[in-house]
Amino acid sequence: MAPPRAYWKGSLKLSLVTCPVVLYPAATSVEKTKFHMINRETGNRLKQQMVDVETGDVVEKEQKGRGYEISKGEYVEIEKEELEAVQIESNHTIDIDNFVPRDEIDRRYLNNPYYIAPDGKAGADAFAVIRDAMKDKDRVALARIVLTNREHIIAIEPLGKGLLGTTLRFPYEVRDEEDYFDDIKSPRISKDMIDLAAHILDSKASHFDPSKFKDEYETALKTLVKRKAAGKPVKVVEKEEKPDNVINLMDALKASLKGGKGKSTKRASSSRPHVARKRPVKKAARSSARHRKAS
């Protein structure tokens, strides 16, 4: 099996200790079902084009550029070479600035995970020293790195034989919770209700096990595609009536604790995707369209 292709190559630096490393994305979406836009008449795939918003003309690749809007409809053009001239050390170096307690990192700042591994045998010793030293401390390293022409803060911690790096969002990228929570009321809730809810939580206590995660929508999409490709009919799921929102909270808590299924209980079928029936493409129409295209 061929080794995965590195997403980034550079150096990991801790004070005067430096070692060459490579980054690999720790997450992937290649298994997700993806759809292409097609011409329903011909069955051919469609492609997108860039269009000038004023003239309506299609813009070719060599005419495309980058511009920053300095006022309404007025742009300053930035050349590729000018962007590349903005060089900073973290372009090729992950320079560890400091170490912070793991539990102080606000989870809202966590962004994308990456695996960090030594690049070749030359830096294996230095890599092991940095990794093993971090294992002895319950702290996470914070460093800077440039990915896709943008500088990021990356949190680094030991993971097995390697390191896990997670890019962090900057403060301006994280919205203030007060903008969304200020209008939440603070009703008086009886202790009995809170105790019942606490019992429900206890009854559902478990451990984090991602192997139990099931993407039911993805499974349903694959089933849909297979049935359509095989020419089998797709069953239309009728929309269910929404349950009455006016419920007795205490009764709902008691029923939940007993494992009952009151009106407020989510019905199992509601988690399945609603598949709309598509009209079959008429072969005659498709054939004639392809004939026109050929001619």
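Everything numeric here is computed off the predicted structure, so don't read it as measured data.

### Describing the overall build of the protein chain
Here's step 1: Each helix and strand in the protein chain was counted, giving seven helices and nine strands.
Here's step 2: Of the contacts made within the protein chain by residues no fewer than 6 positions apart, 66% connect residues no fewer than 24 positions apart.
Here's step 3: As displayed, the protein chain has an accessible area near 24500 Å², and 53% of this comes from carbon and sulfur atoms.

### Description of the nonpolar core
Here's step 1: Judged by nonpolar contacts, the single largest core of 20 residues is most densely connected at Leu12, Val21, Leu23, Ile94 and Ile156.
Here's step 2: Listing elements by their share of this core, those giving two or more residues are strand E1 (8-14), strand E2 (17-25), strand E5 (93-101), strand E6 (110-118), helix H2 (124-135), strand E7 (139-147) and strand E8 (150-159).
Here's step 3: If sequence neighbours within four positions are ignored, Leu23 has contacts with Ala6, Tyr7, Trp8, Ile94, Tyr114, Tyr115, Ile116, Ile145 and Ile154.

### Comments concerning the pattern of salt bridges
Here's step 1: Following the criterion strictly, the structure yields eight salt bridges and no others.
Here's step 2: For the salt bridge of Glu177 with Arg108, the shortest nitrogen-to-oxygen distance reads 2.9 Å. Here the residue Glu177 occupies a position in the loop between strand E9 (162-168) and helix H3 (178-181), and Arg108 occupies one in the loop between E5 and E6, the gap between them amounting to 69 residues.
Here's step 3: For Arg108, a relative accessible area of 39% translates into the label partly exposed.

### Observations concerning unusual backbone geometry
Here's step 1: Although it is not a glycine, Ser15 adopts a positive phi angle of roughly 60°.
Here's step 2: Looking at the secondary structure, you find Ser15 in the loop between E1 and E2.
Here's step 3: When its relative accessible area of 56% is taken as the criterion, Ser15 is described as exposed.

### Some details on the pairing of E8
Here's step 1: Pairing geometry for E7 and E8, over seven bridges, is antiparallel. Bridging across to E8, Ala143 finds its partner in Ile154.
Here's step 2: With antiparallel pairing between neighbouring strands as the criterion, E7 and E8 make up a hairpin whose turn holds two residues, including Thr148 at a positive phi of roughly 45°.
Here's step 3: Pairing analysis gives seven bridges linking E8 to E9, with the strands arranged antiparallel. By the bridge assignment for E9, Leu159 is matched with Gly162.

### Looking at a negative patch on the surface
Here's step 1: A cluster of like negative charges, contributed by Glu77, Glu79, Glu81, Glu82 and Glu84, occupies part of the molecular surface.
Here's step 2: Topologically, Glu84 is positioned in helix H1 (residues 80-84).

### Details of the packing of aromatic side chains
Here's step 1: What the rule picks out here adds up to three aromatic pairs.
Here's step 2: Where Tyr7 meets Tyr114, the ring centres are 5.6 Å apart and the plane angle is 25°; that geometry is what we call stacked. Here Tyr114 lies in strand E6 and Tyr7 lies in the segment before E1, a separation of 107 residues in the sequence.
Here's step 3: The buried category is assigned to Tyr114, whose relative accessible area is 9%.
Here's step 4: Ring centres 5.7 Å apart and planes at 75° place the aromatic pair Phe208 and Phe213 in the edge-to-face group. Considered together, Phe208 and Phe213 belong to a single accessibility category, that of exposed residues.

### Focus on the confidence of the model for the protein chain
Here's step 1: Here the protein chain averages 82 in pLDDT, while 83% of its residues score no lower than 70.
Here's step 2: Confidence over residues 261-295 falls short of pLDDT 50; this stretch has 38 contacts with residues more than four positions distant or in other chains.

### Considerations on the sheet that holds E7
Here's step 1: What the seven strands build is a closed barrel, ordered E1-E2-E6-E9-E8-E7-E5; its pairing is mixed. Looking at each pair of strands side by side, their axes are set apart by 40° on average, direction ignored.
Here's step 2: Sheet strands in contact with H2 are E1, E2, E5, E6, E7, E8 and E9, and its direction is about 80° off that of E2.

### Examining helix H5 (residues 216-229)
Here's step 1: Between the first and last C-alpha of H5 there are 20 Å, a value that for 14 residues agrees with the 20 Å anticipated at 1.5 Å per step.
Here's step 2: Positioned one or two residues after H5, Gly231 has a phi angle of 75°, which is positive.

### A short note on the packing of helix H4 (residues 191-203) against helix H6 (residues 249-257)
Packed helices, taken two at a time, are described by the angle between their axes plus the distance between the axes.
Here's step 1: Put simply, H4 and H6 touch, their axes get as near as 9 Å, and they point 25° apart. The orientation of H4 with respect to H6, classified from their angle, is roughly parallel. Where H4 crosses over H6, the two elements pack in a sense that is left-handed. Judged by residue contacts, Asp192, Met193, Leu196, Ala197, His199 and Ile200 of H4 engage Leu249, Met250, Leu253, Lys254, Ser256 and Leu257 from H6.

### Some words on the environment of Val86
Here's step 1: With respect to the helices and strands, the residue Val86 is situated in the loop between H1 and E5.
Here's step 2: For Val86, a relative accessible area of 57% puts it in the exposed group.
Here's step 3: Taking C-alpha positions, Val86 is 9.2 Å from Asn149, a pair spaced 63 residues apart along the chain.

What counts, and where the lines are drawn
Residues numbered from 1 in each chain as written. Predicted model: local features only at pLDDT ≥ 70, side-chain atom pairs only at ≥ 80, totals over all residues. Heavy atoms only, no water. Helix = DSSP H or I, 4+ residues; strand = E, 2+ residues; numbered from the N terminus. Contact = heavy atoms within 4.5 Å. Areas by Shrake-Rupley, 256 points an atom, 1.4 Å probe, with all protein chains shown as cover. Core = buried A, V, L, I, M, F, W, Y, C linked by side-chain atoms within 4.5 Å. Buried < 20%, exposed > 50% of the residue type's maximum accessible area, 1.4 Å probe, protein only. Salt bridge = Lys/Arg side-chain N within 4 Å of Asp/Glu carboxyl O. Pairing = 2+ DSSP bridges. Patch = residues over 30% accessible without salt bridge, like charges linked within 9 Å, V, L, I, M, F, W, Y side chains within 5 Å. Lys, Arg positive; Asp, Glu negative; His and termini not counted. Charge placed at Lys NZ, Arg CZ, Asp CG, Glu CD. Phe/Tyr/Trp six-rings, centres within 6.5 Å; stacked < 30°, edge-to-face > 60°. pLDDT = per-residue confidence, 0-100. Axes fitted to C-alpha atoms, helices over the stretch in contact; angles between N-to-C directions. Expected span 1.5 Å × (residues − 1). Parallel < 35°, antiparallel > 145°, perpendicular 65-115°, else oblique. Left-handed = near helix turned anticlockwise from the far one by under 90°.

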